[in-house]
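So you can see what is in the structure, the chains are spelled out below.
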Amino acid sequence: MPQDGRDCANAGARKRPARSVTVNLSESPLAWLHARGHLTDRQFDGGEKLRADWERANLPPNTTMSWNMVPPTGGRRAAAEMLNATEAQIAARQRFDNAIAHLGTDLSDIAWRIICAGEGVPAAEKNLGWPARSGKLVLKIALDRLANFYRLPE
């Protein structure tokens, strides 16, 4: 009997080495799908624009001193008229709300779950009560609509 306590019948059997998979936890499900050729560049860019608006809209308002190097408007060295942080947040929230409304109730659920919340496609399908392998198809339709909404070139 082997010293590790295993059965003698299994002692001569070859064991396969365990498979290891490297996962980048910081990679979004959208980036994962795009990297593996499941999404076009246009679909990916549409989703990334929605995610950027979502992140910008959820930033807390700036409550401390602004230390940027741009002088206030009106002076000789003044920058062009730009939105301050709160105005940019409001504009991003309006763009996000308009994009979600453009998707409609049927497509906005899957788009928000995968693009903004970072759920994987199988988890989103399960949480929505959809059949397996249906989420990617519906997501692609939603991403095409987002690309149209953000007026991305074909």
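Everything below is about the structure printed above this text.
Described in the following lines is the structure provided in the data block.

Parameters and conventions
- Residues numbered from 1 in each chain as written.
- Predicted model: local features only at pLDDT ≥ 70, side-chain atom pairs only at ≥ 80, totals over all residues.
- Heavy atoms only, no water.
- Helix = DSSP H or I, 4+ residues; strand = E, 2+ residues; numbered from the N terminus.
- Buried < 20%, exposed > 50% of the residue type's maximum accessible area, 1.4 Å probe, protein only.
- Contact = heavy atoms within 4.5 Å.
- Areas by Shrake-Rupley, 256 points an atom, 1.4 Å probe, with all protein chains shown as cover.
- Expected span 1.5 Å × (residues − 1).
- Bend = angle between axes of the 7 residues up to and from the residue.
- Core = buried A, V, L, I, M, F, W, Y, C linked by side-chain atoms within 4.5 Å.
- Axes fitted to C-alpha atoms, helices over the stretch in contact; angles between N-to-C directions.
- Parallel < 35°, antiparallel > 145°, perpendicular 65-115°, else oblique.
- Left-handed = near helix turned anticlockwise from the far one by under 90°.
- Salt bridge = Lys/Arg side-chain N within 4 Å of Asp/Glu carboxyl O.

Describing the overall build of the protein chain
At step 1: Scanning the protein chain for helices and strands turns up 5 helices and 0 strands.
At step 2: Reading the protein chain from its N end, one meets helices and strands in the order α-α-α-α-α.
At step 3: Put simply, the protein chain has 154 residues, and 27% of those count as buried.
At step 4: Considering only intrachain contacts with a sequence separation of at least 6, the fraction spanning at least 24 residues in the protein chain is 62%.
At step 5: Carbon and sulfur atoms provide 53% of the accessible area of the protein chain, an area that totals close to 11300 Å².

Some remarks on helix α3 (residues 85–116)
At step 1: Between the first and last C-alpha of α3 there are merely 21 Å, a value that for 32 residues lags more than 12% behind the 46 Å anticipated at 1.5 Å per step.
At step 2: Along α3, the sharpest kink reaches roughly 120°, centred on G104.
At step 3: Positive backbone phi, at 80°, marks G118, one or two positions downstream of α3.

Regarding helix α5 (residues 135–149)
At step 1: Here α5 is 15 residues long and its end C-alpha atoms lie 21 Å apart, about the 21 Å a rise of 1.5 Å per residue gives.
At step 2: Those residues of α5 that sit buried are G135, V138, L139, A142, L143, L146 and A147.
At step 3: Check the buried side of α5 and you find it contacts α1 (29–35), α2 (41–57), α3 and α4 (121–128).

Things to note about the nonpolar core
At step 1: Counting 25 residues, the largest nonpolar core has L30, L50, L103, I115, L139, L143 and L146 as its most contacted members.
At step 2: When residues of this core are traced back to their parent elements, those giving at least two are α1, α2, α3, α4 and α5.
At step 3: No other element matches α3, which puts 10 residues into this core.
At step 4: Setting aside residues no more than four positions away along its own chain, L146 makes contact with G46, G47, L50, A99, L103 and I115.

A word on the packing of α2 against α3
At step 1: Taken N-terminus to C-terminus, the directions of α2 and α3 make an angle of 125°; their axes are 8 Å apart at the nearest point. Judged on the interaxial angle alone, α3 and α2 are oblique. α3 is crossed by α2, and the crossing has left-handed handedness. On α3, the residues that touch G47, L50, R51, D53, W54, R56 and A57 of α2 are Q89, A92, R93, R95, F96, A99, I100, W112, I115 and C116.

Focus on the side chain of R42
At step 1: With respect to the helices, strands and loops of the structure, R42 is situated in helix α2.
At step 2: The exposure class of R42 is buried, given its relative accessible area of 15%.
At step 3: Residues within four places of R42 in sequence aside, it is in contact with D144, A147, N148, L152, P153 and E154.

Considerations on the pattern of salt bridges
Opposite charge on two side chains allows them to pair when their charged atoms are near.
At step 1: In this structure the tally under the stated criterion is 7 salt bridges.
At step 2: The salt bridge partner of R51 is E55, with a shortest N-O separation of 2.7 Å. Placement of the pair is R51 and E55 together in helix α2, with a separation of 4 residues, close to one helical turn.
At step 3: E55 gets classed as partly exposed once you look at its relative accessible area, which sits at 40%.
At step 4: Taking the shortest distance from any N to any O, the salt bridge between R113 and E119 comes out at 3.2 Å.
At step 5: In this structure E119 comes out as buried when scored by relative accessible area, which is 19%.
At step 6: Salt bridges linked by common partners bring E48, R51 and E55 together as one network.

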